[in-house]
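# A structural walkthrough
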Amino acid sequence: MASVAAVLLLLLVVAQRSLAQQQQPEDAGGCNGILVTYTLDGRDKIRPFVPNDDRDSQPYAFRANATVRNSGTHPLRSWVLLLTFVHGEILVSVDGAVLTSGADLPYNTSTANGTATSLTGYPQTDLLTPIATAGDLAKIQATVGIVGTVFAGPEPFEPLPSAVSLADPSYACPPATNNSRSLTTCCVSAGSNNNNATDDEQARRRVVAGDQLVITYDVMQAYESTYLALVTLDNGAPLARLDGWQLSWEWQRREFIRSMRGAYPLEVGAGGCIYGPQGHFYQGVDFSKVLNCERTPVVLDLPPSRANDPDLGHIPHCCRNGTILPRSMDPAQSRSAFQMEVYKMPPDLNRSTLHPPASFKVRGSSPLNPDYACGQPVPVTPSEYPDPSGLASTTLAVASWQAVCNITTPPKKPPSCCVSFSAFYNESVVPCRTCACGCPQQTALSAASCSTTAPAMLLPPYALLMPSERRSKEAVSWADQKGLGDVPNPMPCADSCGVSINWHVATDFDGGWSARMTLFNWGHDDVQDWFAAVVMDDQAYAGFPQAYSFNATALGNSTIFVKGREGFDFLLRETNISGVDYPVPGKQQSVLSFTKKTTSIDVVKGDGFPAKVFFNGDECAMPLRIPSHGTRTTIVPLLLFCFAASALLFLL
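Residues numbered from 1 in each chain as written. Predicted model: local features only at pLDDT ≥ 70, side-chain atom pairs only at ≥ 80, totals over all residues. Heavy atoms only, no water.

### Here's the deal with the overall build of the protein chain
The test is simple: Counting from the N terminus, the helices are the DSSP runs of H or I reaching at least four residues and the strands are the DSSP runs of E reaching at least two. What makes two residues a contact is simply this: any of their non-hydrogen atoms within 4.5 Å. Only the protein chains shown count as covering a residue, and every accessible area follows the Shrake-Rupley method with a 1.4 Å probe.
Assigned secondary structure in the protein chain consists of 10 helices and 38 strands. Partitioning the intrachain contacts of the protein chain with sequence separation of at least 6 by distance along the chain shows that 71% fall at a separation of at least 24. Accessible surface for the protein chain amounts to roughly 31,300 Å². Of this, 53% is attributable to carbon and sulfur atoms.

### With respect to the state of the cysteines
As a reminder of what qualifies: Two cysteine sulfur atoms make up a disulfide if the distance between them is within 2.5 Å. Relative accessibility thresholds used throughout: buried, under 20% of the residue-type maximum; exposed, over 50%; partly exposed, between the two (1.4 Å probe, protein chains only).
A full pass over the atoms with the stated rule returns 10 disulfides. The disulfide bridge from C435 ends at C439, spanning 2.2 Å between sulfur atoms. Since a negative S-S torsion denotes a left-handed disulfide, the C435-C439 link at about 120 degrees is right-handed. The exposure class assigned to C435 is buried, which follows from its relative accessible area of 12%. The exposure class assigned to C439 is partly exposed, which follows from its relative accessible area of 43%.

### Examining the sheet that holds strand β27 (residues 426-430)
We apply this condition: In this scheme, strands are said to pair when DSSP sees at least two bridges between them.
Read across the sheet, 6 strands follow the order β27-β26-β28-β29-β36-β32 without closing on themselves; strand pairing throughout is mixed. What marks the edges here is a single partner per strand, and that holds for β27 and β32 (546-547). Direction of pairing for strand β26 (residues 417-423) relative to β27: antiparallel, over a ladder of 2 bridges. Counted as the bridge partner of A423 is N426 from β27.

### Focus on the sheet that holds strand β5 (residues 97-99)
So the rule is basically this: Here the axes come from fitting lines to C-alpha atoms, over the contacting stretch only for helices, and the angles between their N-to-C directions go from 0 to 180 degrees.
An order of β5-β7-β3-β9 is seen for the 4 strands of this open sheet, with the pairing classed as antiparallel. If you trace the sheet from one side to the other, it starts and ends with β5 and β9 (163-166), each paired once. For this sheet, the mean inter-axis angle between neighbouring strands, taken without regard to orientation, is 25 degrees. Across 4 bridges, strand β3 (residues 80-84) lies against β9 in antiparallel orientation. Its bridge partner lying in β9, L81 is registered against L166.

### Considerations on the confidence of the model for the protein chain
Convention followed: For every residue, the predictor reports its confidence as pLDDT, a number between 0 and 100.
Model confidence for the protein chain is summarised by a mean pLDDT of 87, while 88% of its residues fall at 70 or above. Per-residue pLDDT stays below 50 along residues 193-202; that stretch engages in 15 contacts with residues further than four places along the chain or on separate chains. Counted against residues more than four places away or in other chains, residues 631-652, with its pLDDT under 50, gives 39 contacts.

### Quick notes on the pattern of salt bridges
Pairing is possible between side chains of opposite charge, provided their charged atoms come close. Selection criterion: The salt bridge definition used is simple: a Lys or Arg side-chain nitrogen within 4 Å of an Asp or Glu carboxyl oxygen.
Tallied over the entire structure, the rule returns 15 salt bridges. Here R241 makes a salt bridge to D243, at a shortest N to O gap of 2.8 Å. You'll find R241 and D243 in the same group, each marked buried.

### As for unusual backbone geometry
The linkage connecting P346 with the following residue, P347, adopts the cis geometry, with an omega of 10 degrees. Relative to the assigned elements, P347 resides in the loop between β19 (335-343) and β20 (358-363). A cis amide bond links N489 with the next residue in sequence, P490, at an omega value of 5 degrees. Phi is positive for S558, which is not a glycine, with a value near 60 degrees. Structurally, the position occupied by S558 is in the loop between β33 (550-556) and β34 (559-564). Judged by relative accessible area, which is 10%, S558 ranks as buried.

### Looking at the environment of V188
Considering the arrangement of structural elements, one finds V188 in strand β12 (residues 182-189). Put simply, V188 and G72 are 116 residues apart on the chain and 8.5 Å apart in space, counted from C-alpha to C-alpha. The residues touching V188, leaving out its near neighbours within four places in the chain, are S170, Y171 and A172.

### Considerations on the pairing of strand β36 (residues 586-595)
Burial of β36 is extensive: 7 of the 10 residues sit out of reach of the surface. In this structure, strand β29 (residues 512-521) lies alongside β36, joined through 10 bridges in antiparallel fashion. When the bridges of β36 are listed, G512 appears paired with T595. Pairing of β32 with β36, which is carried by 2 bridges, proceeds in the antiparallel orientation. When the bridges of β36 are listed, Q546 appears paired with S593.

### Looking at the nonpolar core
Just so we agree on the cut-off: In these notes, a set of buried Ala, Val, Leu, Ile, Met, Phe, Trp, Tyr and Cys residues joined through side-chain atoms within 4.5 Å is what counts as a nonpolar core.
Of all hydrophobic cores here, the largest spans 40 residues; its most connected members are I501, W503, W513, M517, W530 and F615. If you look at the next biggest cluster of nonpolar residues, it comprises 34 residues, including W249, V342, L354 and C374.

### Details of helix α7 (residues 468-482)
Keep this limit in mind: Expected helix span is taken as 1.5 Å per residue step, with the number of steps being one fewer than the number of residues. This arc is taken over the directions from the axis of the helix to the C-beta atoms.
Between its first and last C-alpha atoms α7 spans 21 Å; for 15 residues at 1.5 Å apiece the expected length is 21 Å, and the two agree. Those residues of α7 that sit buried are R471, E474, A475, W478 and A479. Seen along its axis, α7 keeps its buried residues to an arc of 140 degrees; they face one direction. The outward face of α7, more than 90 degrees from its buried face, is lined by the exposed residues E469, K473 and D480. Immediately beyond the C-terminal end of α7, within one or two residues, lies G483, with a positive phi of roughly 60 degrees.

### Topic: the packing of aromatic side chains
We apply this condition: Each Phe, Tyr or Trp ring, with Trp reduced to its six-membered ring, pairs with another whose centre is within 6.5 Å; inter-plane angles below 30 degrees give stacked pairs, above 60 give edge-to-face pairs, and intermediate values give tilted ones. Placement of a charge over a ring requires the Lys NZ or Arg CZ to be within 6 Å of the ring centre, with the centre-to-atom vector within 35 degrees of the ring normal.
Within this structure, the stated rule accounts for 19 aromatic pairs. When the ring of F544 is compared with that of F594, the centres are 5.5 Å apart and the planes differ by 55 degrees; the resulting orientation is tilted. On the criterion of sequence distance, the pair formed by F544 in the loop between α8 (538-542) and β32 and F594 in strand β36 is long-range, its members being 50 residues apart. With respect to burial, F544 and F594 carry one shared label: buried. Taken together through their ring pairs, the aromatic side chains of W245, W249, W251, F338 and F360 make up a single cluster. The lysine or arginine in question, K45, covers the ring of F49, its NZ or CZ lying 5.2 Å from the ring centre.

If you want it as structure tokens, here you go:
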């Protein structure tokens, strides 16, 4: 019996040593920084099977794991692993991390065009030091399990990434060492390492600035199986806005939404829970009252009528139909928030086991809204809130995370607005340029209907109030009256913009000058809480004191921020009115005055025209020229334009 016991004890020791060797990478002893490894566990041939002469197109299922281990003296916060796949790998499932871009699985790594695929640690976002944890692998090492598909040849070919590294600029990662079926590198401090900062500094909150939208996920109350979360969206972009925002994310641990205040799911239903593991575990829960069980829910803001609803409202910064304005326009409306009750699933049934969702995505419903790309949430210091009872104290969230969303510009997205120029010294208007907001789709029957390359024709001022079809006829007539040259055949295509802005240099005198800014809405929807930004020449900007019918503020960087005064912040849509046989646009207009006391500016030579104009955050297409100043002509046509505009405004 004693010998049997000794044999069993020996086997137990061998098993423990084997397990320890599996848990620790081979080169752990030689790395005093961040040890990063990638190991190909195996691959299996899968269908469809291809002929032997096309073996490189044979699909294989592969299994791999990557490890990130902190062997240094400073914690690694919000770690991000970079894997440069070069064999067109398709990632089917990832465990222990999520795609930093928030892209959906399966993910084709060939879309990265040779750049690294970025994986953010989840749910273990931080790796502590061996010193602070007595070498506890569960706290200093994270393992990422990867399952995917690769098209490759037969054995012994082993498809490995060309590089493994960290995204943290504080570390330098040398080229990885290839050990048969694995890659290993040791990332060390790069000199600019800020890891000497305290834990609180490392987990500092993001400053809402630049072209960013920051999503804060605060757990306000935590229980064994549920928690109460407050989700806040803060707009830090100086000129961008969101209308009718839609926010989505991906639950990673089978959570579901029991109730919400301040927002509502796009789809309401508990079918996914009833027939899933949630229904099996929570047999005593009334799922008829559960709002949403989707893994990727989509959430909408509530209308203002629900702001004081006792069941759905009473959340600060909620219920504005999804409108988030820039801070430069209204700080109070640059934030949106909602609250939700979340149910957890095993093994997270503990008040201290809290994980945020991943892969946030946000978009607006208006074509004027920018596109955003969101990073993964990272833990930050708990949010602070004023005491709800009014006492001079602060309430802290139980835990907080933040995800930063940056504005992205699709390379082929056309503008949605355009600008025309006019001046008191020229009776013609330089219109929006041809196809400023996109060209019409040309077919075989309509290929010659308009020219997409011919420059836009000069216009009489009153034609600015006419739709594009009528405007073209007036341009032909104006060219004939003023001897402006041959009319192109075919005629230039229209600008196709929903909003156009006319900048008219109105006066020029010894002490200053003025411009008139007119907004036209040719769309089918009213534009509420509109704003614009005008980027001027430095000399012209320095002389700006005020606007009259608009609220205008000098923001810096030669930019003037413009919005409607109270009662004039609603830009009406295109409509039909009596007295004219064509639809007219909604219109807002104001004069902006400038001084010359501290500037040397030549208005007649063109210094009074803006370099850029933005409307609701979207950069407008600018004219390719300015009005000629060769001869000063009568201002009667401009007076007629003002008279016509006033008459139409009266009729509206």
